[in-house]
Amino acid sequence: MSELAGYKGRSLKLLEDFHVKVGDTVQITTKGDSAAFSDNYAGIIMPRYENADDKHVVLKVDSGYNIAIELGRIDKISAMEQKPTKNEKSEQKIKADSKLPKLLLLSTGGTIASKIDYRTGAVTPTLTAEELNNSIPELAEIANIETEVLFSEYSENIMPNHWLEIANKIKNVIQEDNGYHGIIVAHGTDTMHYTSSFLSFSLAGCPIPIALVGSQRSSDRASSDAALNLIGATEFLVKCKTNGIYVVMHQDENDEVIACHLGTRVRKNHTSKRGAFQTIGGDPAFLIINNQIHNNKKTDFFSNNKFEPKIALDEKVALVKYYPGFDPEILQNYIQKEYKAIIFEGTGLGHVGKNMYSIIKSANEKDIFIGMTSQCIDGRVSMTVYESGRDLLNLGIIPLEDMIPEVALTKAMWAAGNSKNSQEIKKIMLNKIASEISK
């Protein structure tokens, strides 16, 4: 990265005049009517985006937040001695305690696996699993954690082929019987519930608990939830005495409670809050309060606890959100490309407009499985209540109970990868496998 990355014009000249560069720790003194009214800001000079203006200098201050200071306010920039940070100190090898259970931590990227680069002030998803383990020494008091990096991706870049890689790794670890009490998957939050649901189906009957854990705030922020979420996931795996796939995150904005959600009954319902994840249609399966596990789970996670991994999928499945004015011809593209399944997010109890009837009939005739979920956050589809719902049933649409649309999508991909035709897909979709359908 350039020593003056993103700076240009007036802002570039200012940094050059004061002989400072990106990554330097500096103190910026702003102009005032007198010394008493001047402000001093200390922090690390951050790089700027390529298309940023030339009117500001950006600092990362001690709180972890970035501030932009207008050039017109700047009186002086002074370089400061940069002190070594905890991220730059040599890591101490953690000695295994034979009395503690053994866990495996798999890193896939995301905010929880990010760190601040104190040369540039940038936060990057390059933190290895080993660094993640060493940065939170409390973990060594709970379990012996072995670490491995599978890949390092923001969660929006995690694709079905990544799901397969995670699932195959976990399957191999379990079948090798290395004595792991559980497995942590460090994952970005945006698509974590897609990954958790696919693992729930492909690793059906998994004999040990698996916790997907992420963070909403990066580790350089004072409000970061990374450490507490990871500690909570570790506590959960050690103490839960159950199996299954779970998403472990803050329950709310406070630090007192960590929630453990069923991997097929959870959604990210807020863009930025620490308590962004919520169990749909009930309470979290477990809560961690003062290091104690509170069990709210009433049934086994898996319908069959015999471990029978089926790690395959077919990406030719579409999730279609119906809306007033939806053009039915959009579905023609899926038919022509020989998609195996279409999952509708219908309105209310599970409806789409009658302008969709003809294309639905065509898709059904092409042996495409068509399932119905609801756009409503909670509740169950019920297509026998109104005439329009009954019409859709007659056209071959299959109601998917209270399955969350994203979960129905991943299950349909998995079902299509393990089926020869739409009837086999239908049988799998209606069979409760991993708590994806509630009573």
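Residues numbered from 1 in each chain as written. Predicted model: local features only at pLDDT ≥ 70, side-chain atom pairs only at ≥ 80, totals over all residues. Heavy atoms only, no water.

Asks: Looking at this structure, I do not really get the overall build of the chain. What am I missing?
Replies: Tallying secondary structure elements over the chain gives 10 helices and 21 strands in all. Put simply, 70% of the contacts in the chain that link residues at least 6 apart link residues at least 24 apart. When the accessible surface of the chain is summed, it comes to about 20800 Å², and 47% of that surface belongs to carbon and sulfur atoms. (Helix = DSSP H or I, 4+ residues; strand = E, 2+ residues; numbered from the N terminus. Contact = heavy atoms within 4.5 Å. Areas by Shrake-Rupley, 256 points an atom, 1.4 Å probe, with all protein chains shown as cover.)

Asks: In this structure, what is going on with helix α10 (residues 422–430)? I would like to understand it.
Replies: Note that an α-helix has 3.6 residues per turn; residues three or four places apart therefore point the same way. For α10, the set of buried residues is S422, I425, I428 and M429. Buried residues in α10, looked at end-on, bunch into an arc of 120°, giving them a common side. Of the residues in α10, the exposed ones pointing more than 90 degrees away from the buried face are Q423 and K427. Contact partners of the buried residues in α10: β19 (341–346), β20 (369–374) and α9 (405–417). The N-cap residue of α10 is N421: its side-chain oxygen and the backbone nitrogen of Q423 are 3.1 Å apart. (Buried < 20%, exposed > 50% of the residue type's maximum accessible area, 1.4 Å probe, protein only. Arc of directions from axis to C-beta. Polar contact = N/O pair within 3.5 Å; in protein donor to acceptor, adjacent residues only side chain to side chain.)

Asks: Help me out: how do you make sense of the sheet that holds strand β4 (residues 66–70) in this one?
Replies: Sheet strands associate in pairs through backbone hydrogen bonding, adopting either a parallel or an antiparallel arrangement. Strand order in the open sheet formed by five strands is β4-β3-β2-β1-β5, and the pairing between neighbours is antiparallel. The strands lining the two open edges of the sheet, one partner per strand, are β4 and β5 (74–79). Taken pair by pair, the neighbouring strands of this sheet meet at an average axis angle of 40°, ignoring direction. As defined by bridge partners, strand β1 (residues 25–30) adjoins β5 across five bridges and the pair is classed as antiparallel. When the sheet's bridge partners are listed, Q27 is paired in β5 with S78. (Pairing = 2+ DSSP bridges. Axes fitted to C-alpha atoms, helices over the stretch in contact; angles between N-to-C directions.)

Asks: Even after reading the chapter, I still don't get the packing of helix α4 (residues 192–202) against α9, so can you show me in this structure?
Replies: In helix packing, the relevant descriptors are the interaxial angle and the interaxial distance, both defined with respect to the helix axes. At a minimum axis separation of 9 Å, α4 and α9 run at an interaxial angle of 40°. By the criterion of interaxial angle, the relationship of α4 to α9 is oblique. Regarding α4 and α9, the two cross each other, and that crossing is right-handed. The residues of α9 that touch α4, namely those facing H193, Y194, S197, F198, F201 and S202, are E406, V407, L409, T410, K411 and W414. (Parallel < 35°, antiparallel > 145°, perpendicular 65-115°, else oblique. Left-handed = near helix turned anticlockwise from the far one by under 90°.)

Asks: Is there a simple way to think about the pattern of salt bridges in this case?
Replies: When their charged atoms lie close together, side chains carrying opposite charge are able to pair. Under the definition given, this model contains 19 salt bridges. A salt bridge links E308 to K306, with the shortest nitrogen-to-oxygen separation between them at 3.6 Å. Look at E308 and you get partly exposed, because its relative accessible area is 38%. When the shortest N-O distance is used, the salt bridge between E345 and K321 registers 3.5 Å. One end of the pair, E345, is in strand β19; the other, K321, is in strand β18 (residues 317–321), and 24 residues separate them in sequence. (Salt bridge = Lys/Arg side-chain N within 4 Å of Asp/Glu carboxyl O.)

Asks: Where do I start with the nonpolar core in this structure?
Replies: Nonpolar side chains in soluble globular proteins tend to be buried together. Counting 85 residues, the largest nonpolar core has I170, I183, I210, F236 and M429 as its most contacted members. It is α9 that provides the largest number of residues to this core, a total of eight residues. Once residues within four sequence positions are removed from consideration, I210 is found in contact with I170, I183, V185, L203, L237, G244, I245 and Y246. A318, Y322, F326 and V352 belong to the second largest nonpolar core, which has 23 residues in total. (Core = buried A, V, L, I, M, F, W, Y, C linked by side-chain atoms within 4.5 Å.)

Asks: What is the right way to read unusual backbone geometry from this model?
Replies: Of all residues except glycine, most have a negative phi; of all peptide bonds, most are trans. With a phi close to 55°, K241 is a non-glycine residue in the positive phi region. Relative to the helices and strands, K241 is located in the loop between α5 (226–239) and β12 (244–250). Even without being a glycine, E401 presents a positive backbone phi close to 55°. Assignment of secondary structure puts E401 in the loop between β21 (398–399) and α9.

Asks: Which parts of the structure should I look at to understand the side chain of T264?
Replies: Looking at the secondary structure, you find T264 in the loop between β13 (257–262) and β14 (266–268). Within the structure, the side chain of T264 is placed 2.7 Å from the backbone oxygen of A434, a separation counted as a polar contact. Each residue touching T264, except ones within four places of it in the same chain, is listed here: S197, S200, F201, F301, I404, V407, A434, S435 and E436.

Asks: Can you help me understand the sheet that holds strand β11 (residues 209–213) in this one?
Replies: Spatial strand order, β9-β6-β10-β11-β12-β13-β16-β17: eight strands in an open sheet with mixed pairing. Each edge of the sheet is formed by a strand with only one pairing partner; in this case those strands are β9 (144–149) and β17 (292–295). Averaged over all adjacent pairs, the angle separating strand axes in this sheet is 25°, with direction ignored. Where β13 and strand β16 (residues 286–289) come together, four bridges link them in antiparallel fashion.

Asks: Is there a simple way to explain the side chain of D402 in this structure?
Replies: Positionally, D402 belongs in the loop between β21 and α9. According to the relative accessible area criterion, D402 is buried, its value standing at 8%. Not counting the four nearest positions on each side in its chain, D402 is found in contact with R265, G379, R380, E436, I437 and S438.

Asks: Quick question: what am I supposed to make of the confidence of the model for the chain here?
Replies: Close inspection of predicted coordinates is inappropriate for parts of the model with low pLDDT. Of all residues in the chain, 89% attain a pLDDT of 70 or more, and the chain-wide mean is 89. Considering only residues more than four positions removed or in separate chains, one finds that residues 86–90, a stretch of pLDDT under 50, has seven contacts. (pLDDT = per-residue confidence, 0-100.)

Asks: I'm lost on the packing of aromatic side chains in this one. Help?
Replies: Here the distance between the centres and the angle between the planes together describe a pair of aromatic rings. If you walk through the whole model with that rule in mind, you get 10 aromatic pairs. Considering the side-chain rings of F301 and F302, the 4.8 Å spacing of their centres and the 90° angle between planes classify their relative orientation as edge-to-face. F302 shares its class with F301; the two are buried. Here the aromatic rings of Y322 and F326 are separated by 6.2 Å at their centres, their planes lie at 45°, and the arrangement is tilted. In this structure an aromatic cluster arises from ring pairing among F236, Y246, F286, F301 and F302. One Lys or Arg, K102, reaches over the ring of Y180 and ends 4.7 Å from the middle of that ring. (Phe/Tyr/Trp six-rings, centres within 6.5 Å; stacked < 30°, edge-to-face > 60°. Lys NZ or Arg CZ within 6 Å of the ring centre and 35° of its normal.)

Asks: Help me out: how do you make sense of helix α3 (residues 160–176) in this one?
Replies: The first and last C-alpha atoms of α3 sit 24 Å apart over 17 residues, in line with the 24 Å expected at 1.5 Å per residue. Of the residues making up α3, those classed as buried are P160, H162, W163, I166, A167, I170, V173 and I174. Along the axis of α3, the buried positions cluster into a sector of 155°, meaning they face one direction only. Turned more than 90 degrees off the buried face of α3, the exposed positions are Q175 and E176. Among the structural elements, β6 (102–107), β10 (180–186), α4, β11 and α9 are those in contact with the buried residues of α3. (Expected span 1.5 Å × (residues − 1).)

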